[in-house]
Amino acid sequence: MIEARGLTKRYGKTTAVDDLSFDVAAGRVTGFLGPNGAGKSTTMRMILGLDNPTAGRVTINGKRYHELHHPLRTVGALLDAKWVHPNRSARAHLNWMAKSNQIAERRVDEVLDIVGLTSVAGKRAGGFSLGMSQRLGIAAALLGDPEVLLFDEPVNGLDPEGILWIRKFMHRLADEGRTVFVSSHLLSEMALTATELVVIGRGKLISQSSTADFVARASENTVKVRSPQNDRLRDALEQASAELTAAEDGLIVSGMDSAKIGEIAAENGLVLHELSPQQGSLEQAFMQITGDSVEYHTGIEAEVAQVLEPTAR
Amino acid sequence: MTLLAVERIKLFSTRSPWWCALVALATTVGFTALIVGNANEQFPATVATTQFGYFFGLAVVMVLAALAVTTEYRFGTIRTTFQAIPNRTAALVAKTVVVALLALVIGEIVAFASWGLSVLLQPDFDLALNSTADWINVAGVGPIYALAAVMAVAVGILVRHSAGAISLLLIYTLAVEDLVSLIPNIGDDIYKWMPFNVANKFLTGDGASNAGRAADAGAPLSTSPLSPGWALAYFAGTAVVLLAVAIATAKRRDA
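Residues numbered from 1 in each chain as written. Chains lettered and ligands numbered in written order. Predicted model: local features only at pLDDT ≥ 70, side-chain atom pairs only at ≥ 80, totals over all residues.

**Some points on the sheet that holds strand S8 (residues 196–201) of chain A**
The strands that make up a sheet are held in pairs by hydrogen bonds between backbone atoms, and each pair lies either parallel or antiparallel.
All names here are of chain A.
Okay, step 1: One open sheet accounts for six strands, arranged S5-S6-S7-S3-S8-S9; its pairing is mixed. One side of each edge strand has no neighbouring strand; the edge strands of this open sheet are strand S5 (75–78) and strand S9 (204–210). The sheet shows a mean angle of 15° between the axes of neighbouring strands, direction not considered.
Okay, step 2: When strand S6 (residues 148–152) meets strand S7 (residues 179–184), the two strands line up parallel, connected through five bridges. Note on S7: the bridge partner recorded for phenylalanine 151 is valine 182.
Okay, step 3: Those strands touched by helix H1 (residues 40–47) are strand S3 (29–33), S6, S7 and S8, and its axis lies near 150° from that of S6. (Pairing = 2+ DSSP bridges. Helix = DSSP H or I, 4+ residues; strand = E, 2+ residues; numbered from the N terminus. Axes fitted to C-alpha atoms, helices over the stretch in contact; angles between N-to-C directions. Contact = placed C-beta atoms within 7 Å.)

**A look at the interface of chain B and chain A**
Okay, step 1: Listed as interface residues are 21 residues of chain B and, on the opposing side, 27 residues of chain A.
Okay, step 2: If you list the elements that add at least two residues to the side of chain B that touches chain A, you get helix H1 (2–12) and helix H5 (77–84) of chain B.
Okay, step 3: Among the elements that take part in the side of chain B that touches chain A, H5(B) stands out by supplying six residues, more than any other.
Okay, step 4: The residue makeup of the side of chain B that touches chain A, split by class, is nine nonpolar, eight polar and four charged. (Nonpolar A, V, L, I, M, F, W, Y, C, P; charged D, E, K, R; others polar.)

**As for the domain arrangement of chain A**
Okay, step 1: Domain boundaries in chain A define domain 1 (2–217) and domain 2 (221–279).
Okay, step 2: Each of domain 1 of chain A and domain 2 of chain A has a C-alpha centre, and these two points are 46 Å apart. (Domains from an automatic or database assignment.)

Following this line, the structure appears as structure tokens:
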């Protein structure tokens, strides 16, 4: 369980993290969502005691990181897969970490096996692909069999197979009852991995809720209907005070769910060719919510919004 | 002890310490062979001459020590280190001790290899270690390397960048100390207290190991007014102060 209270980090005049308070519940995957530069990595580094907060505190199971005895046994973290000496072998990297927290040497072989790196354990880590480095980072995080795990953008730059692997892995860790705190700037990725979400923008907390709630709140739900008797349908729906927008070959209805629309059509004896609920894309929804809190505006949001038009599900 | 083992694994699981050790040995012993091999009646070989090349090894050892820290910053492993060992003082002291011990061993190997080779090259000169001064001049190289390594680790922690730390160390040891003596009036007085000049005092004392001959047969004698014992203490003190400043800085700043 991770608790942040009033966590603040300033670099000169820039405030990277601003009075941030949130809880990460035990035994679940909690997503840490925010645009690039929102302060996710800084927050993670403060949780691990690498950066000193300007104000506030963050505790793990009620203790600050530096108060933990053999911290790798309580908290495992993958902040950057490239934090490995390129001329050191994967096994040597894990060996010194294991030694530092008095973790048995056979655990090194175990975690190498879990992430599937046994065959390259003796090779220099500098020659690893990003996917392999990421696996090594995860092996390092799992080394102490910790109950709390932190991952910073673990799927960044990975191929689809790697992404799928990480996604399954997170679920497995949560199923084992561990607390998983994983950051990402992709809401769609988080929707698949996390059950809880902590959303930040420009270092400030935007929301903390379950993923389902956030997605429901975030996305504008509309229903697309097509009918050969388009005009009569429009009248019927307008009478029921639905908001309508004309689409190229039908109507977009908002403020009414598909069940209700179907019932109205049936009452009036209208034929429907399509009745499909539309969900605004998560990316779009996310941009809507964090819209004002993106660190570096490019002035192309409008264009991006066009590209990310609502997609049918 | 655990932390020392951790740093030992880290240091020896990369190749650079081995290369540095080899380079230190090759340059120092090679230079000694050149000097001692060309000794004659006019410029006789003495115990002091056998250690003429000690400075080359010193520079390489300081590079090794600085790299042991700066590579951690460069590759981000310092963060992994502080994550595994949140007590930064303990982690950095352990690293310093391991690097210093390696420097000590390299120093002794370099010094006795230089001396041994000289004995083989010039069997006619009296190169036996007859006095305390002789012993200090040879065996004292190890402790000086170790303390210089501590300074280099401290500079590495403070500067964090390999190129910056190494150039700073080399420019300081090769040029800055000597240039200080060029400052008018006070230059010589300041130079007397410069750490590497003082370290030289510990090694060569008043020239006893040079068989009382003029400086041209060995390295120039140190201008330090301290006794060899106090010279070593002064050099060690400088190293410890520098390390304390570096660790205090590392504790305060973000990793």
